[in-house]
Amino acid sequence: MAEGTVRYTGSAGGFGSVKGMAKVARRERPIAGALTTLAHQNKTEGYMCSSCAWGKPASPHTFEFCENGAKATLWDLTRDRCTPDFFAQHTVSALRGWEDYDLEMTGRLTHPLRYDAASDTYVPCDWDEAFAGIAAALRPLPPKSVVFYASGKASLETSYLYALLARRFGNNNLPDSSNMCHETTSVGLKKVIGSPVGTCKLEDFESCDCILYFGQNPGTNSPRFLHPLQLAAQRGCKIIVFNPIREVGLIRFINPQNPMQMLTQHPTPLAHQYLQVRPGGDIAAIMGMAKRVLERDAIAQAAGEPRVLDQDFLDQHTHDWDAFRTQAEATGWNAIERESGLKRGDLEAAADVYCDAERTIAVYGMGITQHVHGTKSIGMIVNLMLMRGNIGQKGAGMCPVRGHSNVQGQRTVGISEKPELVPLDKIAEQFGFEPPRDTGHTTVEVCEGVVDGSVKALVSLGGNLVRAVPDHRAVEEPWMEQALTVFVATKLNRSHLIHGKVSYLLPCLARPEADVQASGPQAVTIEDSFSCIHGSWGKRPPASPHLKSEVAIVAGIAEALGYTSDKLRWDEWTADYALIRDEIAETYPELFHDFNARMWQPGGFYKGNKARERIWLTESGKAEFTVPESLSALGVGDALGRFHLVTLRSNDQFNTTIYGHDDRLRGIHGTRMVLLISPRDMAEHGLRRGELVSLIGDAGDNVERRVEGLAVTPFDLPDGCVAGYYPELNPLVPLWYHDKDSKTPAAKGVPVRIERASKGAGV
Ligand SMILES: Nc1nc2c(c(=O)[nH]1)N[C@H]1C(S)=C(S)[C@@H](COP(=O)(O)OP(=O)(O)OC[C@H]3O[C@@H](n4cnc5c(=O)[nH]c(N)nc54)[C@H](O)[C@@H]3O)O[C@H]1N2
Ligand SMILES: Nc1nc2c(c(=O)[nH]1)N[C@H]1C(S)=C(S)[C@@H](COP(=O)(O)OP(=O)(O)OC[C@H]3O[C@@H](n4cnc5c(=O)[nH]c(N)nc54)[C@H](O)[C@@H]3O)O[C@H]1N2
Ligand SMILES: [Mo]
C-alpha cells in the first residue's frame, strides 16, 4: 500500500453501509411506507430492485437489499416533486447551468411536458396532445433517421413493445445502454463460446474453489454479490483479483445482516491475492498465467502425474488450441511484465492457484469491456478457462456482471440494433408487417449520426444518453439540431435539456409503484445477470396521478402513429400485460413457454444456456481459442507525459445519477472533481496534494478535449495511470475510441495529459 494515499480504512458493508443508507433516507425524504417497501425488495411476489442486475436467490435473506439498492429505491420514492410550476420558473437554458445532482434532486416528474421554444421552458400538456405531437413530428421523417434508445431498466413487457414500435416505424435503430457497457460481452463472448451472456448460475458460487476476478467493483456496483463472495472465501475458495485500484469491496467485508460480525467488527478477508494490473494489462497478465499452466502441465507429465490441461476437453470441444498454445509459448516474460505491470512470480502464483483448483469462475465487468481491445480481453479470459475445461461444468464458468437491472433482458426480447439476433420472420408472421432487415445504430453510431446530421430524432426510453456518451463537447451542440427528442423518464436530467426542436418529456411510473390498468394491477418481469426471469409487483402509490406506465406510453405513441391492427393490439396489451407475455412466449417459445405461470417461480425461471451444456453455437461448432494481436487492451500506447485515464463510478452514484459527493469506500469526501494519481507520479511531475489541474485529451487527433478544476489526490494506483469520475470526465473520451468489434466506448484507458493551472503547461 503506497504511503500517504487517500483510502478507506473500514470494510465494505458493516456500519458504513448502514450509515450510508440512513443518510440517503434523510436526504431523499421518502414517502411514508417506503422503508417497508425495502423489505419486499428482490423477493418472490415482491418487486425487483431497479439498481443492478445481480441475481435474486430463491431463498432470500430477511433484507435482500444492499446500501445502493436501498438508495435506488428511496430515490424513486422521494417526497420531492418536479412540477410544472418548477418549469415555469426556470428556463431550459438556465437549467443547463445546474449540476446533475441538483437537477435530479428536484424530485419526481409529475406531468407530461412539451418544450415551448417561445418561452424556452417545458410547459404542461395532456397525454393525447403529447402522443399526437410526437406522431406528427415522427411521420415526415425518413424511418432510418430516427433512433429508439433504451436504458436497461424498462421491463421485458415494455422492451418487447418498444422494439416492435421501432420495427413497425421502419428501422433497427435500437441501441441501448448495453452498447456502452457489456456489448463487448454480447459480441466477444458470443464469438468464442456461442453465448452472448454468462454461463454461470448463482449456485455455482457455492461449489467453485477459485474465482478469477477482473475489473468489477462489487462493493459499490453489486453489493449483494459480497454475500456469496464471503461464503466462498469462508469455505476456502481462493479469490484472485485483477484491478488497478485496491477496491475495499474485494478486500474485506462485514456482513451487515450478520449480528455477530457486526458486533465483533471482524471482517472476512476476501481476496487471496490482489494484483494491481495496469489499465488494459489483463491480456498480458492472462498470457503470463497461461504460460505457467503450460509449464505446470509439462512438469506433471514428466512426473507421470495427472495432467494440468484438460486434454480430453481440448480435443473434443475446442478449436484453434494449437495456435494459442504456440503464441503463449512464444510470448516473452519481459513483454508480459511490462504490459501488465505485474511481476512474473505473482502471475505464476496466481496460475498455481488456478491449476490446483478443480472449478474456477471468471468474473468480469467494465474494467474488461470498456477497452479498445475489450473483446480480445474476453477472448483471453476464455482461453485460460478452456485450458482446464472450466466452461460447462458445475461450479465453474464465465460470469460477466451486468449493469442495469434488465439490460440483459432487453436484448433477449428484441431491443437490438443487430437484426440477425432477432427472429424477424417470426415477427413478420406474428404481427403482419415486414420488419426492416438492415443493421441499426449502436450508441456511438447514433452520436456520429447526430454530428453528421443523418440522425434527426431520438426517442429515449429512460437513461441520460447525451451525458453517458463520450466526447460531450462534439456531440451536445448538434444534438439540439434534431427535429424531435422524446424522453420517458422518472426524474429530470441533463439529456432533457439538450433537446431537439420539438421535445416532449414524459413522466413514468417507477418500478416500486403500483401499475393499475383496465384489467387491474399489473406485474412486470425482468431478467437478471444469471438469465433468470422474475416477476415484479409495484405496490407504492404513484408519485403523481398524471403518470403513465412505460407500457402505456410506448403503446400511446404507436397508436397515435396509426399502428393498430387485429394483430397489433396496443390497447388490449396495455389493459393486461399477461397478453404481452403471451406474445413474447409466441415469439420465443423455447425461452418463454408458459411465461405467465413460470414468472413467479422462486429465484426466477432459468432461460437456459447452450454453452453451459457444452453445445457451442459458434462458427466452428466448438469453443474458440483466439490469438490476441497485442498484449495491451489499450488503443493508444505509452508516451512521455501521457497517462491512461480510468473513469469510475463512486459509491454515491448510479451511472449519471449522483446521489451525493462522497465515495466512502475510496476515502474521498465532498467532491467528485478529483484526479487520483500515484504519489510517485505526483512527485515525478511536481504535483501537490489538493492542487487544481486540468486533464487534456492526448489521443493524437488534434481535437481539443479538456476538463478543468480537478484536485490532485494521492491514491494507490499503478504508475502511468490516473483515475476520476464518470460522467464528469466523459468530454475526454474521443467518440472514435471504442472497442474494435463491439463499439463499446473505451472509458477505462483514455489517453490524457495533465496541465497545471498555474503554469498552463503540461507536466
Ligand atoms: N451503485 C451502483 N450500482 C451500479 C451502477 C452504479 O453506477 N452505481 N452502475 C450499474 C451499471 S450500468 C454497470 S455497467 C455496473 C458497473 O459495474 P463495474 O463493472 O464494477 O464498473 P466500474 O465501476 O465502471 O469499474 C469497474 C472496475 O474496473 C476496474 N478497472 C479499470 N480498468 C481496468 C483494467 O484495465 N483492468 C482491470 N482488471 N480492471 C480495471 C476499476 O478500478 C473498477 O474497480 O454497475 C451497475 N450497478
Ligand atoms: N466515461 C464513462 N462513460 C460511461 C460509463 C463509464 O464507466 N465511464 N459507463 C457506461 C455504462 S456501463 C452505462 S450502462 C451508461 C448508462 O447510461 P444510461 O442508462 O443512459 O444512463 P443512466 O444514468 O442510468 O440514466 C439515468 C436516468 O434514467 C431515468 N430513469 C431512472 N429510472 C427510470 C425508470 O424506471 N424509467 C424511466 N423511463 N427512466 C428512468 C432518470 O431520468 C435518470 O436520470 O453509461 C455509460 N457511460
Ligand atoms: Mo452499464
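Not measured: the values here are computed from a predicted model.

Draft legend 1. Structural detail: the overall build of the protein chain. Scanning the protein chain for helices and strands turns up 31 helices and 32 strands. Taken over the C-alpha trace, the protein chain has a radius of gyration of 25 Å; the compact-globule value for 763 residues is 27 Å, and the two agree within 12%. Overall, the protein chain is about 80 × 65 × 55 Å in size when its C-alpha atoms are taken along their principal axes. Burial analysis of the protein chain (763 residues in total) assigns 66% to the buried set. The long-range fraction of contacts in the protein chain, counting pairs at least 24 apart against all pairs at least 6 apart in sequence, stands at 78%. For the protein chain, the distance from the average site of its 80 positive side-chain charges to the average site of its 91 negative ones is 4 Å.

Draft legend 2. Geometry of the site of ligand 2. Residues in contact with ligand 2 amount to 33 residues; listed here are only the nearest, Y149, E550, T656, Y726 and N730. K153 has a polar side-chain atom sitting 3.1 Å from a nitrogen atom of ligand 2. At 3.3 Å, a side-chain N or O of T490 approaches a nitrogen atom of ligand 2. At the level of secondary structure, the elements contributing two or more residues to the shell around ligand 2 comprise α23 (465-468) and β16 (484-489). Its residues assigned to classes, the shell around ligand 2 comprises 13 nonpolar, 14 polar and six charged.

Draft legend 3. Focus on the site of ligand 1. Contacts to ligand 1 come from 30 residues, most closely from N243, E247, G280, Q653 and N655. Here an oxygen atom of ligand 1 sits 2.9 Å away from a polar atom, N or O, in the main chain of M366. With respect to ligand 1, the backbone of G367 contributes an N or O atom lying 3.4 Å from an oxygen atom. In the complex, 99% of the free accessible area of ligand 1, which totals 920 Å², lies under the protein chains. Mapped by element, the contributors of at least two residues to the shell around ligand 1 are α10 (218-221), α18 (366-369), β24 (643-648) and β25 (653-654). The class makeup of the residues in the shell around ligand 1 is 11 nonpolar, 15 polar and four charged.

Draft legend 4. Up close: the packing of helix α9 (residues 183-193) against helix α19 (residues 374-387). Taken N-terminus to C-terminus, the directions of α9 and α19 make an angle of 40°; their axes are 9 Å apart at the nearest point. Taken together, the axis directions place α9 and α19 in an arrangement best described as oblique. Between α9 and α19 lies a crossing of right-handed hand. In this structure, α9 uses T184, T185, V187, G188, L189, V192 and I193 to contact α19, whose residues at the interface are G374, T375, I378 and V382. For the contact of α9 with α19, the per-class residue count stands at six nonpolar, five polar and no charged.

Quick notes on the rules
- Residues numbered from 1 in each chain as written.
- Chains lettered and ligands numbered in written order.
- Predicted model: local features only at pLDDT ≥ 70, side-chain atom pairs only at ≥ 80, totals over all residues.
- Heavy atoms only, no water.
- Helix = DSSP H or I, 4+ residues; strand = E, 2+ residues; numbered from the N terminus.
- Rg over C-alpha atoms; globule rule 2.2 N^0.38 Å.
- Buried < 20%, exposed > 50% of the residue type's maximum accessible area, 1.4 Å probe, protein only.
- Contact = heavy atoms within 4.5 Å.
- Lys, Arg positive; Asp, Glu negative; His and termini not counted.
- Charge placed at Lys NZ, Arg CZ, Asp CG, Glu CD.
- Near = heavy atom within 4 Å.
- Polar contact = N/O pair within 3.5 Å; in protein donor to acceptor, adjacent residues only side chain to side chain.
- Nonpolar A, V, L, I, M, F, W, Y, C, P; charged D, E, K, R; others polar.
- Areas by Shrake-Rupley, 256 points an atom, 1.4 Å probe, with all protein chains shown as cover.
- Axes fitted to C-alpha atoms, helices over the stretch in contact; angles between N-to-C directions.
- Parallel < 35°, antiparallel > 145°, perpendicular 65-115°, else oblique.
- Left-handed = near helix turned anticlockwise from the far one by under 90°.

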